Amino acid sequence: MFRLFANSSKGMLRTAAKNQQVRNLSIHEYMSANLLSEAGIKVPQGIVASSAEEAFQAAKKLGVSDLVIKAQVLAGGRGKGHFDSGLNGGVKTIYSPEEARDLASKMLGHKIFTKQTGASGKDCNKVFIVERKYVRREYYFAILMDRAMQGPVIVASSQGGVDIESVAAENPDAIVKLPVDIKKGLSLESAQGLADKLGFVGNARDEAAGTFIKLYKLFLAKDATQIEINPLVETSDHQVMCMDAKFGFDDNANFRQKDVFSLRDPTQEDPREVQAEKWNLNYIGLDGQIGCLVNGAGLAMSTMDIIKLHGGAPANFLDVGGSATAKQICEAFKIISSDAGVSAALVNIFGGIMRCDVVAQGIIDAVKELDLKIPLVVRLQGTNVDEGKKLINESGIAIFPCDDLDKAADLVVKLSDITSLAQKVGVHAKLSLA
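Thresholds applied
Every chain's residues receive numbers from 1 upward, in the order its sequence appears when written. Restriction of local features to residues with pLDDT of at least 70 applies here, the model being predicted, together with a cutoff of 80 or more for giving and counting side-chain atom pairs; totals for whole chains, interfaces and linings are based on all residues. Derived side-chain values reflect all non-hydrogen atoms in the structure, with water molecules and hydrogen atoms excluded from consideration. Helix and strand definitions follow DSSP, with helices as H or I runs of at least four residues and strands as E runs of at least two, each counted in order from the N terminus. Remark: exposure states derive from per-residue accessible area (1.4 Å probe, protein chains only) relative to the maximum for the residue type, with buried under 20%, exposed over 50%, and partly exposed in between. Only the protein chains shown count as covering a residue, and every accessible area follows the Shrake-Rupley method with a 1.4 Å probe. Just so you know, the count uses Lys and Arg for positive and Asp and Glu for negative, and it drops His and the chain ends. To locate a charge, take NZ of a lysine, CZ of an arginine, CG of an aspartate or CD of a glutamate. Whenever a nitrogen or oxygen atom comes within 3.5 Å of another N or O atom, the pair is scored as a polar contact, on the condition that within protein one atom can donate a hydrogen and the other can accept it, and that pairs from neighbouring residues in sequence are kept only if both atoms are in side chains. We call two strands paired when DSSP finds no fewer than two bridges between them. Think of each axis as a best-fit line through the C-alpha atoms, taken over the contacting stretch in the case of a helix, with angles from 0 to 180 degrees between the N-to-C directions. Only heavy atoms matter for contacts: two residues are in contact if any of them lie within 4.5 Å across the pair.

Caption draft 1: Geometry of the overall build of the chain. When helices and strands are counted, the chain shows 14 helices and 20 strands. In terms of overall dimensions, the chain has a C-alpha envelope of 80 × 50 × 40 Å along the principal axes. Relative to its full complement of 434 residues, the chain shows a buried share of 49%. As presented, the chain carries roughly 20,300 Å² of accessible surface, and 50% of it is formed by carbon and sulfur atoms. Charge separation in the chain, taken as the distance between the mean sites of 50 positive and 52 negative side-chain charges, equals 1 Å.

Encoded structure:
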């Protein structure tokens, strides 16, 4: 979606580090449609289905001949995506219950690949059967929490139903931004002015303004970080409707939005991040080869930076926090080692509240339990560092200790290169200190 701020991976990581891995909950389209309908906002009628037969029955129950079947995955670009079943497109027009059943069988239980899913794709476990509406015009509407504006901002365009990033790049004047004072809210006058700028006229102008106000109220009431409607349409009979919706919610509101957070679908998330959350670990998967286990977000970021400086690439951001137990350290290693792309790992601990002997015991337990094959470089400093080093030295396991962070980063990059080369030629290399 269109963003008012830079969305680089580095920027995302720094935000995550600062906020201790805030995850903004996203929900499926059919769930978003239910929230909109409950708020009095017009949406097409639709029924969700989990099997081909349910899709057939849903199409029959809707009782109209023009329908759309939509794959329910938490990723954009479904319309241009493709399935491992051979089907192209995750959004299809259909004209009969039989077509619904046929296409559902090619979507459900299969992976869809889009520009946002990455090479691993996403599992499609549900489809949404909705009535097809014939539209006069398509618009784009979104409400975001924007750091630069320090509050909600409405982003809208008269060019909807298309990739809004392309619109912003090719015709920035087509994008309308309206900051909203969170204390005053969105006034009728401001909503009508926005409708005028977008080109709504007649009765559709007032209905559009009313829809904007309802969307803003829903945004606040549900502690949303984002509501994106693309497209927002004026139908052939001049109704204003939300044809597709994407919601994001602030995880800090979990305690007061139990109904919303019960809609979470962990099957659509990175299983490593789901597992990390269970153990109260801050984890973000990346594309590199060197696993990182660090305590403290700032130290984690600097560790990743120094790995890059020496020519390596971090495989993850993993902050175990200041009070992790040996068991949590062990679980952190399970998450790191579950990434097949990891060829070496660096542990960088500065013990303050966190005791180095606790970390050392967790490392020893993890290496023994997992029979860890990758080389492991460990840097321990701070509270109980001597006790921690003693545990490691007496454990009998192959660990590369290093007190200097710069040297530790250089060493882990070299070990990663050796391991990666050995893996490419099918050789199992077990490295140890000379």
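Caption draft 2: Seen up close, the side chain of glutamate 228. By the secondary structure assignment, glutamate 228 is in strand 12 (residues 224–235). Of note is the side chain of glutamate 228, whose polar atom sits 2.8 Å from the side chain of tyrosine 140.

Caption draft 3: Seen up close, the sheet that holds strand 3 (residues 67–71). Strand order in the open sheet made by the four strands is 2-8-3-5, with antiparallel pairing throughout. Of all the strands in the sheet, the pair left with one neighbour each is strand 2 (46–49) and strand 5 (91–94). With direction set aside, neighbouring strand axes in the sheet form an average angle of 20 degrees. As paired strands, strand 3 and strand 8 (residues 127–131) are joined by five bridges and run antiparallel to one another. By the bridge assignment, leucine 67 is partnered in strand 8 with glutamate 131. Contacting strand 2, strand 3 and strand 8, helix 3 (residues 52–62) crosses the sheet at an angle of about 15 degrees to strand 8.

Caption draft 4: Region of interest: unusual backbone geometry. Of note, the bond from asparagine 230 into proline 231 is cis; its omega dihedral lies within 30 degrees of zero at 10 degrees. Residue position: proline 231 is located in strand 12. Non-glycine residue aspartate 371 carries a positive phi angle of around 50 degrees. Following the sequence through the fold, aspartate 371 ends up in the loop between helix 12 (356–370) and strand 19 (376–382). Of the residues examined, aspartate 371 reaches a relative accessible area of 46% and is grouped as partly exposed.

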